[in-house]
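Structure assessment
The lines below spell out each chain.
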Amino acid sequence: MAKVSIGLRGWRFDEEEIISADGELKPLDEIPEEPRERLVRLVGLVEEPCDVCYLEHGDAEIHRCAQAEIVYGEPGGEVLLCPTHEPDFIYWFREAGGSDHTGRQAFGDRFHEWITAGNEAPDGYASVEHVEEDPGGLPDLPDQTEIQQRVEDEFEGDRIDIRALAGENPTDDESADRLDENDLADSGVDLSTEYPSNR
Ligand SMILES: [Zn+2]
């Protein structure tokens, strides 16, 4: 089964799980839960800066941060990297205990702490790793912007369906009003949960 990346290098998807026979992104409800969670998460990550750049420059000099091109880790606990800083991550993961945190939400935090403590990959680690880690770039995929738009559209559609469903079966007028309000509030909460702003 072919593995593909979308938007950011690093996270790999089974092509058959997310891409239909005609080369389009499948509807979200036909994608298994785990890759779907990462796909939805990706939409909120593709415009973000590299974590290491951000730790160096912060909001005050956000313009000096490179946009992330690589993502590793778990949804919600991921590490975002630019190509310049990927060797620091690879070194941390392989040589400095980073792999011990694989599969944990704290994965990203542990790497950020290592960087904040002043650590980095030794000189020379970069060029060697780059050859090994990027054999041919990303495979051809449907247009990136279109995929993002479809994920966002379908995510929006899910929320609207939930609201409509809640309004269809009111036990009385009062509970119908309450349900609508709660549902609107809930949808807002859900959105911030799916797209936390941790920067
Ligand atoms: Zn960077």
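Here, the structure is the one placed above.
Now for a look at the structure at hand. This is a predicted model, so every value here is computed, not measured.

Scanning the protein from terminus to terminus reveals eight helices and four strands. Reading the protein from its N terminus to its C terminus gives the helix and strand order β-β-α-α-α-β-β-α-α-α-α-α. Counting all 199 residues of the protein, 21% fall into the buried class. Partitioning the contacts of the protein with sequence separation of at least 6, the portion at a separation of at least 24 is 54%.

A few words now on the nonpolar core. Core analysis: the largest hydrophobic core is formed by 29 residues, its most contacted members being Cys-50, Ala-68, Val-71, Leu-81 and Phe-89. Looking at this core, the elements with two or more residues in it are helix H2 (33-43), helix H3 (51-57), strand E3 (70-72), strand E4 (79-81), helix H4 (86-95) and helix H5 (107-116). The residue makeup of this core includes at least three contributed by each of domain 1 (1-34) and domain 2 (47-125). Other than its neighbours up to four places away in sequence, Leu-81 contacts Cys-50, Asp-51, Val-52, Ala-68, Ile-70, Glu-86 and Phe-89.

The next subject is the environment of Ala-121. Tracing the backbone shows Ala-121 in the loop between H5 and helix H6 (125-133). Take Ala-121: there are 19 C-beta atoms within 10 Å of it, and that puts it in the partly exposed class. Distance in space between the C-alpha atoms of Ala-121 and Ile-90 is 8.1 Å, their sequence separation being 31 residues.

So, how was this worked out
Residues numbered from 1 in each chain as written. Predicted model: local features only at pLDDT ≥ 70, side-chain atom pairs only at ≥ 80, totals over all residues. Helix = DSSP H or I, 4+ residues; strand = E, 2+ residues; numbered from the N terminus. Buried ≥ 20, exposed ≤ 12 C-beta atoms within 10 Å, placed from the backbone. Contact = placed C-beta atoms within 7 Å. Core = buried A, V, L, I, M, F, W, Y, C linked by C-beta atoms within 7 Å. Domains from an automatic or database assignment.

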